Amino acid sequence: MENVNDTENAKEEIRDKNTKDMKNIHYIIEGVLAAAIIVLFALQFSSGKKTSFAANAASESNIDLSGALPIAYINVDSLLENYNYAQDLFSIHMRSQENAQLNLSEKMRDLEQDANEFQRKVANNVFLSRERAQQEEQRILRKQQDVEDLRNRTANDLMQEQERLNRALRDTIVSQLKVYNIDKRFHFIMSNTSGDNILLSEEAYNITDEVIELLNKNYSPAAK
């Protein structure tokens, strides 16, 4: 029977998953803000009024933004780094991964000890009969399968938890943006990650700081 030493492989798989989590959260937010483009309250501007957005833009820029377009964008990197709820959800998921890795490591270490003990007994002719040796081998093989099943369940559970946390984050951002947009009346709010989606724009169209301030103001850690 081959020695069971998959512990390091399992740890590496979980570590690789850790590095992908923040990227996955980026994709979720972009799916909300960019792919879907979040068409929020497509309201027509009153011909005789200037929105607060246009007024602020005119004061912060040297160009004439009196006819500013009813659009804005959010820097997703900055939002995720500064939105307390996003950071709390990420911490929750990291703790789940750490606990899962600890539990799996203990099971695999126990299995490896049993396998090594079995090999030692075989090498020293400890078993009184061939049938007894086969029974012990089958027990270890079943234990090995149990560990493999646990690893698969753990990966699936972590993925489902991540999806659940991502949905919670997405729903919160969407609901808060709807409140935010009642006053701003943007036709589109788009996402921007490290300049990938918006290559060039006036800073006046960047509402990231305002949105982060709103999100953190309305977030209570006790509610998580």
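Overview of the structure. (Residues numbered from 1 in each chain as written. Predicted model: local features only at pLDDT ≥ 70, side-chain atom pairs only at ≥ 80, totals over all residues. Heavy atoms only, no water.)

### Details of the overall build of the protein chain
Thought 1: Counting its regular elements, the protein chain contains 6 helices and 2 strands.
Thought 2: The order of α-helices and β-strands along the protein chain, N terminus first, is α-α-β-α-α-α-β-α.
Thought 3: The long-range fraction of contacts in the protein chain, counting pairs at least 24 apart against all pairs at least 6 apart in sequence, stands at 88%. (Helix = DSSP H or I, 4+ residues; strand = E, 2+ residues; numbered from the N terminus. Contact = heavy atoms within 4.5 Å.)

### Notes on the environment of Phe90
Thought 1: Relative to the elements of secondary structure, Phe90 occurs in helix 4 (residues 84–123).
Thought 2: Take Phe90: its relative accessible area is 19%, and that puts it in the buried class.
Thought 3: On a C-alpha basis, the gap between Phe90 and Leu80 in space is 9.6 Å, while along the polypeptide they are 10 residues apart. (Buried < 20%, exposed > 50% of the residue type's maximum accessible area, 1.4 Å probe, protein only.)

### Focus on the nonpolar core
Thought 1: Judged by nonpolar contacts, the single largest core of 22 residues is most densely connected at Leu79, Tyr83, Leu169, Ile207 and Val211.
Thought 2: Mapped by element, the contributors of at least two residues to this core are strand 1 (71–75), helix 3 (76–82), helix 4, helix 5 (130–184) and helix 6 (208–217).
Thought 3: Of all the elements, helix 5 adds the most residues to this core, at 5 residues.
Thought 4: Once you skip the residues sitting within four places of it in the chain, Tyr83 turns out to touch Leu169, Thr172, Ile173, Leu215, Asn216 and Tyr219.
Thought 5: Listed in part, the 10 residues of the second largest apolar core include Met108, Leu111, Phe118 and Ile140. (Core = buried A, V, L, I, M, F, W, Y, C linked by side-chain atoms within 4.5 Å.)

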